[in-house]
Amino acid sequence: MYSYKQIHQIPTTIMRGGTSKGLILRVADLPKEPHLRDQVILRIYGSPDYSQIDGLGGGTALTSKLALVGPASHPDAHIDYTFGQVSLEKEVIDYKASCGNIAAAVGLYAVEEGYVRLAEPVTSVRLYNTNTRRIIAVEIPVRNGQIQYNGDFSIAGVPGCSSKIMVNFLDSGGTFTGKTLPTGNPLDRIKLADGRQFEVSIIDSANILVFVRAEDLGVKGTELCDAINGNTDLLNTLEQIRIETGVRIGVLTDRAKVSPSTYALPKISIVASPQDYVTMDNVSVFNKEIDVVARYISMGFLHRAFAVSGAIAIATAAQIQGTILNQITNSNKKGVRIGHPTGVLYVEATIEQTEQDWKVTRAAVGRTARRLMDGYAYVPSSILDAETVSDNPKVTSSI
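Note that this is a predicted model, so its numbers are computed, not measured.

(A) Inspection of helix H2 (residues 100-112) at higher detail. With 13 residues, H2 extends 19 Å between its outermost C-alpha atoms, agreeing within 8% with the 18 Å of an ideal straight helix rising 1.5 Å per residue. The buried fraction of H2 amounts to 12 of the 13 residues, a majority that puts the element mostly inside the structure. Of all the residues in H2, the buried ones are Gly100, Asn101, Ile102, Ala103, Ala104, Ala105, Val106, Gly107, Leu108, Tyr109, Ala110 and Val111. Positioned one or two residues after H2, Gly114 has a phi angle of 85°, which is positive.

See below:
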(Lines give C-alpha, C1' and ligand atoms only; values in the text may rest on other atoms or scores of the structure.)
Protein backbone atom coordinates (compact mmCIF):
# COMPACT_ATOMS: atom_id res chain seq x y z
CA MET A 1 0.00 0.00 0.00
CA TYR A 2 1.23 3.50 -0.84
CA SER A 3 0.71 6.98 0.54
CA TYR A 4 0.71 10.11 -1.58
CA LYS A 5 -0.37 13.34 0.09
CA GLN A 6 -4.10 13.05 0.82
CA ILE A 7 -4.69 9.82 -1.05
CA HIS A 8 -3.43 6.25 -0.93
CA GLN A 9 -2.38 4.16 -3.92
CA ILE A 10 -3.18 0.47 -3.92
CA PRO A 11 -1.72 -1.85 -6.59
CA THR A 12 -4.63 -3.19 -8.63
CA THR A 13 -5.08 -5.57 -11.55
CA ILE A 14 -8.25 -5.64 -13.63
CA MET A 15 -8.97 -8.97 -15.30
CA ARG A 16 -11.70 -10.70 -17.20
CA GLY A 17 -12.34 -14.31 -16.34
CA GLY A 18 -14.93 -16.11 -18.46
CA THR A 19 -18.04 -13.93 -18.63
CA SER A 20 -17.12 -11.96 -15.50
CA LYS A 21 -14.81 -9.08 -14.77
CA GLY A 22 -13.28 -7.78 -11.57
CA LEU A 23 -10.27 -6.66 -9.60
CA ILE A 24 -7.45 -8.76 -8.24
CA LEU A 25 -6.05 -7.29 -5.04
CA ARG A 26 -3.23 -8.69 -2.91
CA VAL A 27 -4.04 -9.14 0.75
CA ALA A 28 -0.58 -7.78 1.60
CA ASP A 29 -1.56 -4.42 0.08
CA LEU A 30 -4.71 -4.03 2.17
CA PRO A 31 -5.45 -3.43 5.86
CA LYS A 32 -5.44 -6.61 7.95
CA GLU A 33 -8.56 -5.68 9.89
CA PRO A 34 -11.50 -7.12 7.87
CA HIS A 35 -13.94 -4.21 8.32
CA LEU A 36 -11.35 -1.58 7.38
CA ARG A 37 -10.17 -3.72 4.47
CA ASP A 38 -13.72 -3.95 3.13
CA GLN A 39 -14.26 -0.21 3.51
CA VAL A 40 -11.19 0.35 1.33
CA ILE A 41 -12.40 -2.16 -1.27
CA LEU A 42 -15.90 -0.66 -1.37
CA ARG A 43 -14.35 2.77 -1.97
CA ILE A 44 -12.24 1.36 -4.81
CA TYR A 45 -15.35 -0.10 -6.46
CA GLY A 46 -17.51 2.96 -5.86
CA SER A 47 -20.09 1.04 -3.82
CA PRO A 48 -22.81 1.36 -2.74
CA ASP A 49 -24.03 2.91 -5.99
CA TYR A 50 -25.84 1.16 -8.83
CA SER A 51 -23.66 2.89 -11.42
CA GLN A 52 -20.43 2.67 -9.37
CA ILE A 53 -19.55 5.88 -11.19
CA ASP A 54 -17.00 6.93 -8.57
CA GLY A 55 -15.08 3.67 -8.65
CA LEU A 56 -13.77 0.81 -10.74
CA GLY A 57 -16.88 -1.37 -10.55
CA GLY A 58 -18.82 -1.88 -13.76
CA GLY A 59 -22.30 -1.28 -12.38
CA THR A 60 -23.47 -4.90 -12.77
CA ALA A 61 -23.16 -8.09 -10.75
CA LEU A 62 -20.91 -9.55 -13.47
CA THR A 63 -18.47 -6.64 -13.34
CA SER A 64 -18.45 -6.02 -9.60
CA LYS A 65 -16.46 -9.07 -8.61
CA LEU A 66 -13.37 -9.33 -6.43
CA ALA A 67 -10.44 -11.70 -6.00
CA LEU A 68 -8.21 -11.40 -2.95
CA VAL A 69 -4.97 -13.34 -3.40
CA GLY A 70 -2.29 -14.22 -0.90
CA PRO A 71 0.22 -16.84 0.19
CA ALA A 72 -1.04 -20.41 0.03
CA SER A 73 -2.39 -21.58 3.38
CA HIS A 74 -3.00 -25.12 2.09
CA PRO A 75 -0.02 -27.47 1.57
CA ASP A 76 -1.31 -28.61 -1.83
CA ALA A 77 -1.95 -25.12 -3.22
CA HIS A 78 0.17 -22.49 -4.97
CA ILE A 79 -1.91 -19.50 -3.94
CA ASP A 80 -4.95 -18.55 -1.84
CA TYR A 81 -7.99 -17.15 -3.64
CA THR A 82 -10.88 -15.49 -1.85
CA PHE A 83 -13.87 -14.45 -3.95
CA GLY A 84 -16.04 -11.49 -3.05
CA GLN A 85 -19.26 -10.22 -4.63
CA VAL A 86 -19.28 -6.46 -4.14
CA SER A 87 -22.79 -5.15 -3.62
CA LEU A 88 -24.07 -2.28 -5.72
CA GLU A 89 -26.94 -1.61 -3.36
CA LYS A 90 -25.40 -1.81 0.11
CA GLU A 91 -22.10 -1.40 1.92
CA VAL A 92 -21.48 -5.13 1.77
CA ILE A 93 -19.05 -7.61 0.22
CA ASP A 94 -20.41 -11.15 0.21
CA TYR A 95 -17.69 -13.76 0.73
CA LYS A 96 -20.08 -16.69 1.15
CA ALA A 97 -20.19 -17.70 -2.53
CA SER A 98 -17.51 -18.61 -5.06
CA CYS A 99 -16.89 -17.90 -8.75
CA GLY A 100 -15.33 -20.19 -11.32
CA ASN A 101 -15.04 -17.43 -13.91
CA ILE A 102 -12.85 -15.34 -11.63
CA ALA A 103 -10.90 -18.49 -10.69
CA ALA A 104 -9.81 -18.69 -14.35
CA ALA A 105 -8.49 -15.13 -14.09
CA VAL A 106 -6.66 -15.85 -10.83
CA GLY A 107 -5.02 -18.92 -12.37
CA LEU A 108 -3.72 -16.86 -15.28
CA TYR A 109 -2.65 -14.07 -12.89
CA ALA A 110 -0.65 -16.51 -10.75
CA VAL A 111 1.27 -17.81 -13.77
CA GLU A 112 1.88 -14.32 -15.17
CA GLU A 113 3.17 -13.13 -11.79
CA GLY A 114 5.58 -16.05 -11.54
CA TYR A 115 4.03 -17.81 -8.57
CA VAL A 116 4.03 -21.08 -10.50
CA ARG A 117 6.86 -22.43 -12.62
CA LEU A 118 5.87 -22.83 -16.27
CA ALA A 119 5.50 -26.40 -17.55
CA GLU A 120 4.51 -27.57 -21.03
CA PRO A 121 2.02 -28.16 -22.52
CA VAL A 122 -0.11 -27.16 -19.54
CA THR A 123 0.78 -25.44 -16.29
CA SER A 124 -1.61 -26.48 -13.55
CA VAL A 125 -2.21 -23.80 -10.93
CA ARG A 126 -3.73 -25.06 -7.71
CA LEU A 127 -5.84 -22.38 -6.06
CA TYR A 128 -7.02 -22.80 -2.49
CA ASN A 129 -10.45 -21.21 -2.54
CA THR A 130 -10.95 -19.97 1.01
CA ASN A 131 -14.70 -19.49 0.46
CA THR A 132 -15.29 -23.18 -0.14
CA ARG A 133 -12.13 -24.58 1.45
CA ARG A 134 -11.56 -26.55 -1.72
CA ILE A 135 -8.77 -26.78 -4.30
CA ILE A 136 -9.48 -25.48 -7.81
CA ALA A 137 -6.98 -26.59 -10.45
CA VAL A 138 -6.66 -24.11 -13.33
CA GLU A 139 -4.83 -25.32 -16.46
CA ILE A 140 -2.93 -22.65 -18.42
CA PRO A 141 -1.64 -23.58 -21.94
CA VAL A 142 2.13 -23.15 -22.38
CA ARG A 143 4.31 -23.54 -25.47
CA ASN A 144 8.02 -22.87 -26.00
CA GLY A 145 8.32 -21.57 -22.47
CA GLN A 146 5.59 -18.96 -22.89
CA ILE A 147 1.94 -18.63 -21.94
CA GLN A 148 -0.28 -19.23 -24.95
CA TYR A 149 -2.74 -16.39 -25.25
CA ASN A 150 -3.90 -17.03 -28.81
CA GLY A 151 -6.17 -19.92 -29.69
CA ASP A 152 -9.41 -20.93 -31.35
CA PHE A 153 -11.51 -21.45 -28.23
CA SER A 154 -14.51 -19.23 -27.66
CA ILE A 155 -17.19 -18.94 -24.99
CA ALA A 156 -20.68 -17.54 -25.34
CA GLY A 157 -20.94 -14.01 -24.02
CA VAL A 158 -17.35 -13.02 -24.82
CA PRO A 159 -16.33 -11.82 -28.31
CA GLY A 160 -13.41 -13.41 -30.14
CA CYS A 161 -11.25 -16.45 -29.53
CA SER A 162 -8.23 -17.26 -27.37
CA SER A 163 -6.59 -20.24 -25.71
CA LYS A 164 -8.69 -22.56 -23.57
CA ILE A 165 -8.22 -22.46 -19.81
CA MET A 166 -9.66 -25.49 -18.06
CA VAL A 167 -11.06 -24.85 -14.58
CA ASN A 168 -11.26 -28.06 -12.54
CA PHE A 169 -13.26 -28.20 -9.32
CA LEU A 170 -11.98 -31.04 -7.15
CA ASP A 171 -14.22 -32.75 -4.61
CA SER A 172 -16.90 -30.09 -5.02
CA GLY A 173 -19.85 -32.01 -3.59
CA GLY A 174 -21.20 -30.57 -0.34
CA THR A 175 -19.07 -27.46 -0.66
CA PHE A 176 -21.09 -25.34 1.77
CA THR A 177 -23.46 -27.69 3.58
CA GLY A 178 -21.38 -30.86 3.68
CA LYS A 179 -23.83 -32.75 1.43
CA THR A 180 -24.36 -32.70 -2.35
CA LEU A 181 -28.07 -33.11 -1.60
CA PRO A 182 -28.41 -30.81 1.44
CA THR A 183 -31.85 -32.18 2.39
CA GLY A 184 -31.04 -35.73 1.34
CA ASN A 185 -33.76 -35.51 -1.31
CA PRO A 186 -33.47 -35.13 -5.08
CA LEU A 187 -36.79 -33.28 -5.02
CA ASP A 188 -38.26 -31.01 -2.32
CA ARG A 189 -41.48 -29.03 -2.02
CA ILE A 190 -41.21 -25.41 -0.86
CA LYS A 191 -44.25 -23.61 0.56
CA LEU A 192 -44.38 -19.82 0.41
CA ALA A 193 -46.11 -17.51 2.90
CA ASP A 194 -49.00 -16.97 0.48
CA GLY A 195 -49.68 -20.69 0.29
CA ARG A 196 -48.13 -21.37 -3.13
CA GLN A 197 -45.94 -24.45 -3.40
CA PHE A 198 -43.09 -25.25 -5.77
CA GLU A 199 -41.04 -28.36 -6.43
CA VAL A 200 -37.30 -27.68 -6.35
CA SER A 201 -34.04 -29.57 -6.53
CA ILE A 202 -31.32 -28.29 -4.18
CA ILE A 203 -27.74 -29.10 -5.16
CA ASP A 204 -24.57 -28.14 -3.29
CA SER A 205 -21.69 -28.57 -5.72
CA ALA A 206 -19.26 -25.63 -6.11
CA ASN A 207 -22.20 -23.38 -5.10
CA ILE A 208 -25.66 -24.04 -3.68
CA LEU A 209 -28.23 -23.97 -6.48
CA VAL A 210 -32.01 -24.15 -6.24
CA PHE A 211 -33.56 -25.34 -9.49
CA VAL A 212 -37.18 -24.53 -10.35
CA ARG A 213 -39.11 -25.59 -13.46
CA ALA A 214 -39.99 -22.72 -15.80
CA GLU A 215 -43.48 -24.08 -16.39
CA ASP A 216 -44.21 -24.01 -12.64
CA LEU A 217 -43.37 -20.31 -12.67
CA GLY A 218 -45.56 -19.58 -15.68
CA VAL A 219 -42.70 -18.85 -18.07
CA LYS A 220 -41.04 -20.70 -20.97
CA GLY A 221 -37.47 -20.55 -19.68
CA THR A 222 -36.12 -18.97 -22.87
CA GLU A 223 -36.81 -15.40 -21.72
CA LEU A 224 -33.96 -12.89 -21.89
CA CYS A 225 -32.90 -10.03 -19.62
CA ASP A 226 -35.67 -7.51 -20.32
CA ALA A 227 -38.43 -10.10 -19.96
CA ILE A 228 -37.14 -11.46 -16.66
CA ASN A 229 -35.70 -8.34 -15.07
CA GLY A 230 -38.87 -6.45 -15.93
CA ASN A 231 -41.10 -9.09 -14.39
CA THR A 232 -41.32 -7.98 -10.75
CA ASP A 233 -43.77 -10.73 -9.80
CA LEU A 234 -41.46 -13.43 -11.16
CA LEU A 235 -38.39 -12.02 -9.40
CA ASN A 236 -40.29 -11.70 -6.13
CA THR A 237 -41.48 -15.30 -6.39
CA LEU A 238 -37.95 -16.53 -7.10
CA GLU A 239 -36.61 -14.57 -4.15
CA GLN A 240 -39.24 -16.05 -1.83
CA ILE A 241 -38.38 -19.56 -3.02
CA ARG A 242 -34.68 -18.83 -2.56
CA ILE A 243 -35.18 -17.55 0.98
CA GLU A 244 -37.42 -20.42 2.08
CA THR A 245 -34.97 -22.93 0.64
CA GLY A 246 -32.04 -21.21 2.34
CA VAL A 247 -33.83 -21.36 5.68
CA ARG A 248 -34.68 -25.04 5.20
CA ILE A 249 -31.05 -26.03 4.62
CA GLY A 250 -29.70 -23.73 7.31
CA VAL A 251 -27.69 -21.21 5.28
CA LEU A 252 -30.19 -18.42 6.02
CA THR A 253 -31.72 -17.61 9.40
CA ASP A 254 -33.45 -14.25 9.64
CA ARG A 255 -35.78 -13.89 6.63
CA ALA A 256 -36.24 -10.16 7.28
CA LYS A 257 -32.54 -9.41 6.79
CA VAL A 258 -32.13 -11.31 3.54
CA SER A 259 -31.92 -9.48 0.22
CA PRO A 260 -30.46 -10.50 -3.16
CA SER A 261 -27.54 -8.11 -2.77
CA THR A 262 -26.52 -9.07 0.77
CA TYR A 263 -26.94 -12.86 0.86
CA ALA A 264 -25.70 -14.57 -2.28
CA LEU A 265 -26.48 -18.14 -1.27
CA PRO A 266 -28.39 -20.09 -2.19
CA LYS A 267 -28.44 -19.15 -5.87
CA ILE A 268 -31.54 -19.91 -7.91
CA SER A 269 -32.05 -21.01 -11.50
CA ILE A 270 -35.02 -21.44 -13.83
CA VAL A 271 -34.71 -24.59 -15.96
CA ALA A 272 -36.69 -26.01 -18.88
CA SER A 273 -36.53 -28.72 -21.51
CA PRO A 274 -34.46 -28.09 -24.66
CA GLN A 275 -36.21 -25.77 -27.12
CA ASP A 276 -35.29 -23.34 -29.88
CA TYR A 277 -34.60 -19.76 -28.86
CA VAL A 278 -32.69 -16.65 -29.92
CA THR A 279 -29.85 -15.30 -27.77
CA MET A 280 -29.28 -11.72 -26.67
CA ASP A 281 -26.90 -11.39 -29.62
CA ASN A 282 -29.67 -12.51 -32.01
CA VAL A 283 -28.09 -15.92 -32.61
CA SER A 284 -30.36 -18.94 -32.96
CA VAL A 285 -29.87 -21.87 -30.57
CA PHE A 286 -31.66 -25.08 -31.58
CA ASN A 287 -33.01 -27.69 -29.21
CA LYS A 288 -30.78 -30.41 -30.65
CA GLU A 289 -27.71 -28.39 -29.63
CA ILE A 290 -28.52 -28.33 -25.91
CA ASP A 291 -29.58 -30.62 -23.08
CA VAL A 292 -31.34 -28.00 -20.94
CA VAL A 293 -32.41 -24.37 -21.09
CA ALA A 294 -31.39 -22.52 -17.95
CA ARG A 295 -31.55 -19.00 -16.55
CA TYR A 296 -29.36 -18.02 -13.58
CA ILE A 297 -30.39 -15.29 -11.16
CA SER A 298 -27.59 -13.34 -9.44
CA MET A 299 -28.13 -10.47 -6.99
CA GLY A 300 -31.81 -10.39 -7.96
CA PHE A 301 -31.30 -10.09 -11.73
CA LEU A 302 -30.80 -12.42 -14.68
CA HIS A 303 -27.19 -13.38 -15.35
CA ARG A 304 -26.32 -12.65 -19.00
CA ALA A 305 -24.64 -16.04 -19.28
CA PHE A 306 -24.55 -18.93 -16.79
CA ALA A 307 -22.17 -18.97 -13.85
CA VAL A 308 -19.47 -21.64 -13.92
CA SER A 309 -20.20 -22.78 -10.37
CA GLY A 310 -23.89 -22.95 -11.24
CA ALA A 311 -23.07 -25.04 -14.30
CA ILE A 312 -21.16 -27.47 -12.07
CA ALA A 313 -24.33 -27.90 -10.01
CA ILE A 314 -26.32 -28.61 -13.20
CA ALA A 315 -23.83 -31.27 -14.37
CA THR A 316 -24.02 -32.83 -10.92
CA ALA A 317 -27.82 -32.78 -10.69
CA ALA A 318 -28.27 -34.21 -14.19
CA GLN A 319 -26.72 -37.49 -13.01
CA ILE A 320 -28.74 -37.87 -9.81
CA GLN A 321 -31.93 -39.85 -10.34
CA GLY A 322 -35.10 -37.93 -9.50
CA THR A 323 -33.81 -34.36 -9.65
CA ILE A 324 -35.49 -31.82 -11.90
CA LEU A 325 -32.34 -31.69 -14.05
CA ASN A 326 -32.26 -35.47 -14.39
CA GLN A 327 -35.91 -35.44 -15.46
CA ILE A 328 -35.29 -32.72 -18.03
CA THR A 329 -32.08 -34.09 -19.55
CA ASN A 330 -33.25 -37.72 -19.25
CA SER A 331 -29.59 -38.72 -19.24
CA ASN A 332 -26.80 -39.76 -16.90
CA LYS A 333 -24.06 -38.41 -19.18
CA LYS A 334 -21.12 -36.68 -17.53
CA GLY A 335 -21.40 -33.73 -19.90
CA VAL A 336 -24.29 -31.27 -20.18
CA ARG A 337 -24.89 -28.55 -22.77
CA ILE A 338 -26.60 -25.58 -21.13
CA GLY A 339 -28.55 -23.10 -23.25
CA HIS A 340 -28.30 -19.68 -21.57
CA PRO A 341 -29.11 -16.09 -22.65
CA THR A 342 -25.93 -15.59 -24.67
CA GLY A 343 -25.31 -19.08 -26.03
CA VAL A 344 -24.28 -22.58 -24.97
CA LEU A 345 -22.01 -23.69 -22.13
CA TYR A 346 -20.62 -27.23 -21.92
CA VAL A 347 -19.73 -28.59 -18.48
CA GLU A 348 -18.93 -32.04 -17.19
CA ALA A 349 -18.83 -33.74 -13.81
CA THR A 350 -17.77 -37.11 -12.44
CA ILE A 351 -19.85 -38.30 -9.50
CA GLU A 352 -20.04 -41.40 -7.33
CA GLN A 353 -22.87 -42.53 -5.09
CA THR A 354 -21.99 -43.17 -1.46
CA GLU A 355 -24.05 -44.76 1.29
CA GLN A 356 -25.68 -41.47 2.32
CA ASP A 357 -24.93 -38.96 -0.46
CA TRP A 358 -23.09 -38.30 -3.73
CA LYS A 359 -19.39 -37.52 -4.14
CA VAL A 360 -18.36 -35.16 -6.95
CA THR A 361 -14.76 -36.17 -7.61
CA ARG A 362 -14.17 -33.73 -10.46
CA ALA A 363 -16.08 -31.12 -12.43
CA ALA A 364 -14.61 -29.04 -15.22
CA VAL A 365 -15.41 -26.30 -17.69
CA GLY A 366 -13.42 -24.48 -20.37
CA ARG A 367 -12.97 -20.73 -19.94
CA THR A 368 -10.87 -17.89 -21.31
CA ALA A 369 -9.28 -15.04 -19.38
CA ARG A 370 -7.32 -11.88 -20.02
CA ARG A 371 -5.43 -9.28 -18.02
CA LEU A 372 -6.94 -5.90 -18.92
CA MET A 373 -4.95 -3.40 -16.90
CA ASP A 374 -2.44 -2.91 -14.09
CA GLY A 375 -2.17 0.24 -12.07
CA TYR A 376 -3.13 1.88 -8.80
CA ALA A 377 -6.53 2.41 -7.25
CA TYR A 378 -6.84 5.57 -5.16
CA VAL A 379 -8.71 5.96 -1.90
CA PRO A 380 -8.98 9.04 0.35
CA SER A 381 -6.76 9.18 3.41
CA SER A 382 -9.86 9.61 5.57
CA ILE A 383 -10.60 5.90 5.14
CA LEU A 384 -7.27 4.71 6.46
CA ASP A 385 -5.25 5.51 9.54
CA ALA A 386 -1.72 6.58 8.76
CA GLU A 387 -0.34 3.50 10.52
CA THR A 388 -1.96 1.18 7.96
CA VAL A 389 0.12 2.66 5.15
CA SER A 390 3.69 1.76 4.25
CA ASP A 391 6.24 4.42 5.20
CA ASN A 392 8.10 3.79 1.96
CA PRO A 393 5.93 4.49 -1.11
CA LYS A 394 8.50 2.85 -3.40
CA VAL A 395 8.30 -0.53 -1.74
CA THR A 396 5.63 -2.91 -2.96
CA SER A 397 4.21 -5.76 -0.96
CA SER A 398 4.36 -9.24 -2.46
CA ILE A 399 2.58 -12.51 -1.89
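(B) Examining unusual backbone geometry more closely. With an omega of 0°, the peptide bond running from Ser47 to Pro48 counts as cis. Tracing the chain through its elements places Pro48 in the loop between helix H1 (34-45) and strand E4 (65-71). Here the amide bond leading from Glu120 into Pro121 is cis, since omega sits at -5°, within 30 degrees of zero. Take Pro121: it is sitting in the loop between H2 and strand E7 (122-129). With a phi close to 55°, Asn144 is a non-glycine residue in the positive phi region. Among the residues examined, Asn144 registers a relative accessible area of 67% and is labelled exposed.

(C) Expanded view of the side chain of Ser298. Its location among the elements puts Ser298 in strand E17 (residues 292-298). Residue Ser298 is classed as buried on the basis of its relative accessible area of 6%. Discounting chain neighbours no more than four positions away, the residues touching Ser298 are Ala61, Lys267 and His303.

(D) Quick peek at the environment of Val210. Within the secondary structure, Val210 is located in strand E13 (residues 207-213). For the pair formed by Val210 and Val158, sequence separation is 52 residues and the distance between their alpha carbons is 26 Å. If we skip the residues at most four places from it in the chain, Val210 touches Val200, Ser201, Ile241, Thr245, Pro266, Lys267, Ile268 and Ser269.

(E) The arrangement of a nonpolar patch on the surface in detail. Nonpolar side chains collect at one region of the surface, where Ile7, Tyr376 and Tyr378 lie side by side and expose about 280 Å² of accessible area between them. Here Tyr376 lies in strand E22 (residues 369-380).

(F) Representation of the nonpolar core in the model. One finds Tyr81, Leu127, Phe211, Ile314 and Ile338 to be the most contacted residues of the largest nonpolar core, which totals 61 residues. Counting residues per element, this core draws most heavily on H2, which supplies 9 residues. Beyond its immediate sequence surroundings of up to four residues, Tyr81 is in contact with Ala67, Leu68, Cys99, Ile102, Ala103, Val106, Leu127, Tyr128, Asn129, Thr130, Asn131 and Ile136. Within the second largest apolar cluster, 30 residues are counted, among which are Leu238, Ile268, Ile290 and Ile297.

(G) Highlighting the pairing of E7. In this structure, strand E5 (residues 79-86) lies alongside E7, joined through 3 bridges in parallel fashion. Of the residues in E7, the one forming a bridge with Asp80 is Tyr128. With 8 bridges joining them, E7 and strand E8 (residues 134-143) adopt antiparallel strand pairing. For Val122, the partnering residue across the bridge sits in E8 and is Pro141. Counting the residues in the hairpin turn of E7 and E8 gives 4 residues, including Arg133, whose phi is positive at 60°.

(H) Geometry of the packing of aromatic side chains. For the structure on display, the rule yields 2 aromatic pairs. Their ring planes at 40° and their centres at 6.5 Å tell us that Tyr109 and Tyr115 sit as a pair that is tilted. Tyr115 gets classed as partly exposed once you look at its relative accessible area, which sits at 25%. Residues Tyr296 and Phe306 carry aromatic rings whose centres are separated by 5.1 Å and whose planes lie at 65° to one another, so their mutual orientation is edge-to-face. Taken together, the residues Tyr296 in strand E17 and Phe306 in the loop between strand E18 (301-302) and helix H6 (308-317) connect sequence positions 10 residues apart. The burial state of Tyr296 is the same as that of Phe306; both residues are buried. Positioned over the ring face of Tyr277 is Arg295, at 5.0 Å from the centre of the ring.

(I) Summary view of the environment of Ser87. Tracing the chain through its elements places Ser87 in the loop between E5 and strand E6 (93-94). For the pair formed by Ser87 and Asn236, sequence separation is 149 residues and the distance between their alpha carbons is 19 Å. Look past the residues within four positions of Ser87 in its chain and what remains in contact with it is Ser47, Gln52, Val92, Ser261 and Met299. For Ser87, the side chain forms a polar contact with the main-chain nitrogen of Lys90, separated by 2.9 Å.

(J) The arrangement of the side chain of Arg213 in detail. Tracing the backbone through its elements, the reader meets Arg213 in strand E13. Within the local environment of Arg213, its side chain forms a polar contact with the side chain of Gln327, the two groups lying 2.9 Å apart. Sequence-distant contacts of Arg213, defined by excluding residues within four places in its chain, comprise Leu187, Glu199, Val271, Ile324 and Gln327.

(K) Structural context of the pairing of E17. Of all 7 residues making up E17, 7 are buried, and the element is well covered by its neighbours. The sheet contact formed by strand E14 (residues 267-272) and E17 spans 5 bridges and is antiparallel. Bridged to Ile270 within E17 is Arg295. Two strands pair when backbone bridges link them, and E17 and E18 are joined in this way by 2 bridges, in the antiparallel orientation. For Ser298, the partnering residue across the bridge sits in E18 and is Phe301. Hairpin connection of E17 to E18: 2 residues between the antiparallel strands, including Met299 at a positive phi of 55°.

Reading the values: the criteria
- Residues numbered from 1 in each chain as written.
- Predicted model: local features only at pLDDT ≥ 70, side-chain atom pairs only at ≥ 80, totals over all residues.
- Heavy atoms only, no water.
- Helix = DSSP H or I, 4+ residues; strand = E, 2+ residues; numbered from the N terminus.
- Expected span 1.5 Å × (residues − 1).
- Buried < 20%, exposed > 50% of the residue type's maximum accessible area, 1.4 Å probe, protein only.
- Contact = heavy atoms within 4.5 Å.
- Patch = residues over 30% accessible without salt bridge, like charges linked within 9 Å, V, L, I, M, F, W, Y side chains within 5 Å.
- Areas by Shrake-Rupley, 256 points an atom, 1.4 Å probe, with all protein chains shown as cover.
- Salt bridge = Lys/Arg side-chain N within 4 Å of Asp/Glu carboxyl O.
- Core = buried A, V, L, I, M, F, W, Y, C linked by side-chain atoms within 4.5 Å.
- Pairing = 2+ DSSP bridges.
- Phe/Tyr/Trp six-rings, centres within 6.5 Å; stacked < 30°, edge-to-face > 60°.
- Lys NZ or Arg CZ within 6 Å of the ring centre and 35° of its normal.
- Polar contact = N/O pair within 3.5 Å; in protein donor to acceptor, adjacent residues only side chain to side chain.

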